[in-house]
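A structural walkthrough
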Amino acid sequence: MSPDSITALWLSLQVAVSATALNALVGIPIAYVLARRRFWGRNLVDLLVTLPLILPPTVVGYYLIVLLGRRGVLGAPLYALTGWTVAFTWYAAVIAATVMSLPLIVRTVRAAIESVDRDLERAAYTLGRSELRTALEVTLPLARNGILAGLVLAFARALGEFGATLMLAGNIPGRTATVPLSIYTAVQTGESAESLALVAVLTALSCLVLIAANRLGARAA
Amino acid sequence: MRLDVQDLAFGYARKEVGRGVSFSLAGGEVLCLLGPNGGGKTTLFKTVLRLLAPHGGRVDVDGDSVAGWSRLRLARVFGYVPQAQLGVFPFTVAEIVLMGRTAHIGPFATPSRGDRAVAEEMLAALGIGHLAPRPYTEISGGERQLTLIARALAQRPAILVMDEPTASLDFGNQVRVLAEIEQLARRGIAVMLSTHDPDHAFLCAHRVALLHHGRLARLGPPAEVITRESLREVYGVDVTVTELPRADGRVARVCVPTLGSSPPLHSGERAG
């Protein structure tokens with residue numbers, strides 16, 4: 001592999017790991033709240049979180065530009081305040097990968113939490129444990145395998161993200177050109193040997209991830 | 001410690017089970033809840049314990065609404081003995097009882113020697129000290145029930161809520177648990193329990209509440225509530241309530257069903 005390909009691979013891994021970590025921080029609490037709480041707007045939250053699974057990635061990318069671009073709803077005040085914009089940076093690639101893989105982790109973890117026997121949580125409540133500590137000490141440990149499976153799936157999705165990344169982060173070699181984007185560039189410029197190596201690496205990684213997810217899923221059932 | 005339940009409406013998210021339930025309970029008093037399957041006894045208990053949100057009405061302890069209480073504060077007042085179920089995890093009996101100390105242990109502390117002493121004391125008081133090292137999943141139903149009672153007592157509650165504490169016990173253990181309930185009340189604990197046996201209410205209750213279709217059909221002293229008329233109305237069976245001289249010279253009230261004269265299972269009842 002060429003040094004450029006190795007750079008792309010390293011960049012992809014960094015983006016996918018960061019996106020997965022962000023998803024663990026954001027996705028697991030969302031999954032818990034959707035599974036265990038009844039509140040106004042619950043269906044709306046469910047819809048918004050699931051949307052990236054259904055929409056074309058370019059549409060999600062477009063929404064992200066509207067939201068975070070230099071003239072975006074959140075991006076404009078940020079630019080006015082700091083003179084910095086997230087679009088076309090490494091962070092944009094992470095955000096695109098996070099949003100696109102969020103539905104996978106939320107749906108998997110939510111199903112795992114819903115399968116935890118509520119009487120075990122009630123036992124903790126009657127003994128005096130708060131909801132937060134019961135979630136951390138009883139619910140999430142019991143949903144452990146589902147959570148791991150969700151993280152693995154989210155990692156795989158983040159690793160393969162293309163459309164939303166291209167829209168928000170562009171295709172800048174060494175900064176936002178992850179493996180899927182580099183493959184696209186290589187094919188467009190006729191460097192088929194280069195693209196073949198990256199395709200092989202990505203296929204192998206995805207297979208490994210899928211096997212891991214299946215094993216975790218089997219143990220969770 | 002005084003518990004006041006006022007005009008409580010209770011049930012699950014989309015289904016109301018009962019409403020208009022009001023009663024009070026003082027320390028040293030035993031209130032026995034009687035009523036058919038599906039009448040709402042367990043749901044009422046879970047609502048009093050705030051495991052379910054009330055649909056209406058309020059639950060007060062010493063005039064203070066428990067609605068805003070933390071789990072910790074609730075657990076220092078209310079002990080709960082759920083219907084004994086098969087355990088999921090092979091904790092030992094000693095560990096299960098020690099869990100009753102949760103509300104008295106600091107946020108990041110482990111149980112102290114004092115906590116272990118309380119747990120051992122409760123096991124001994126219920127006569128199951130010998131079960132301490134046994135896994136909860138491998139003991140009998142009656143032993144599990146006694147373990148859960150010991151756990152609730154280790155919590156040192158002012159109000160003890162017991163959901164059918166005699167249900168899975170043999171005759172000897174039933175009597176032992178009823179005697180224990182009498183002892184707890186004598187020590188000033190307010191006890192609220194449900195049972196399917198009117199005789200158990202005669203044996204240990206100061207007051208009886210008859211819960212039928214989610215409403216309090218009767219509330220008062222056992223002799224006034226448990227009558228031929230009220231049991232026919234609520235259970236649809238014919239009984240004779242009579243008095244018997246007991247071996248210790250006192251008089252006991254008992255309730256004996258008349259077989260054969262009862263109509264078949266009425267269709268309006270739900271199982272569970």
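Predicted model, so just to flag it, every value in this text is computed and none were measured.

**Describing the overall build of chain A**
Within chain A, the secondary structure is distributed over eleven helices and zero strands. Along chain A, helices (α) and strands (β) appear in the sequence α-α-α-α-α-α-α-α-α-α-α when read from the amino end. Along the three orthogonal principal directions, the C-alpha set of chain A runs to about 65 × 45 × 25 Å. When burial is assessed residue by residue, chain A has 41% of its 221 residues classed as buried. Sequence-distant contacts, at least 24 apart, represent 73% of the contacts inside chain A between residues at least 6 apart.

**Notes on the nonpolar core**
Membership of the largest hydrophobic core comes to 76 residues, with the highest contact counts inside it found for B:C32, B:A150, B:V161 and B:V191. A per-element tally of this core places helix α5 (residues 141-154) of chain B first, with seven residues. Here B:V161 is in contact with B:F45, B:V48, B:L49, B:F78, B:G79, B:Y80 and B:M192, once residues within four sequence places are set aside. In terms of nonpolar packing, the next biggest core, distinct from the first, is built from 57 residues, A:V15, A:A19, A:A149 and A:L151 among them.

**Overview of the sheet that holds strand β9 (residues 207-212) of chain B**
Pairing between the strands of a sheet is mediated by backbone hydrogen bonds and can be parallel or antiparallel. Residue and element names in this part refer to chain B. Taken in spatial order, the six strands line up as β6-β7-β8-β3-β9-β10 in an open sheet, and their pairing is mixed. Because the sheet does not close on itself, it has two edges, and the strands there are β6 (78-81) and β10 (215-220). Shown here is a sheet whose adjacent strand axes are inclined to one another by a mean of 15°, direction ignored. Where strand β7 (residues 159-162) lies against strand β8 (residues 190-194), four bridges are found, and the strand directions are parallel.

**Remarks on helix α9 (residues 228-235) of chain B**
Residue and element names in this part refer to chain B. Within α9 the residues assigned to the buried category are S230, L231 and Y235. One side of α9 holds all its buried residues, which, seen down the axis, span an arc of 100°. Looking at the packing, one finds that the buried side of α9 touches α7 (198-204), β9, β10, α8 (222-225) and β11 (239-245). Of the residues trailing α9, G236 is marked for its positive phi of about 70°.

**A word on unusual backbone geometry**
One non-glycine residue, A:F88, adopts positive backbone phi at about 60°. Summarising the element assignment, A:F88 is placed in the loop between α4 (75-82) and α5 (90-114). Given 17 C-beta atoms within a 10 Å radius, A:F88 is considered partly exposed. Of note, B:D62 is a non-glycine position whose phi angle comes to about 50°, a positive value. Tracing the sequence through the fold places B:D62 in the loop between β4 (56-61) and β5 (64-65). The exposed category is assigned to B:D62, around which 10 C-beta atoms lie within 10 Å.

**Points about the confidence of the model for chain B**
Residue and element names in this part refer to chain B. For chain B, the average pLDDT comes to 89, and 96% of its residues sit at 70 or higher. Low pLDDT, under 50, characterises residues 267-272; the predicted model gives this stretch eight contacts beyond four residues in sequence or across chains. Both confidence scores are given for the complex: pTM 0.80, ipTM 0.78.

**Description of the pairing of strand β2 (residues 15-26) of chain B**
Residue and element names in this part refer to chain B. Judged from the eight bridges that link them, strand β1 (residues 2-12) and β2 form a sheet pairing that is antiparallel. Within the sheet, the bridge partner assigned to Y12 lies in β2 and is K15. Linking β1 back to β2 in an antiparallel pair, the connection comprises two residues.

Reading the values: the criteria
- Residues numbered from 1 in each chain as written.
- Chains lettered and ligands numbered in written order.
- Predicted model: local features only at pLDDT ≥ 70, side-chain atom pairs only at ≥ 80, totals over all residues.
- Helix = DSSP H or I, 4+ residues; strand = E, 2+ residues; numbered from the N terminus.
- Buried ≥ 20, exposed ≤ 12 C-beta atoms within 10 Å, placed from the backbone.
- Contact = placed C-beta atoms within 7 Å.
- Core = buried A, V, L, I, M, F, W, Y, C linked by C-beta atoms within 7 Å.
- Pairing = 2+ DSSP bridges.
- Axes fitted to C-alpha atoms, helices over the stretch in contact; angles between N-to-C directions.
- Arc of directions from axis to C-beta.
- pLDDT = per-residue confidence, 0-100.

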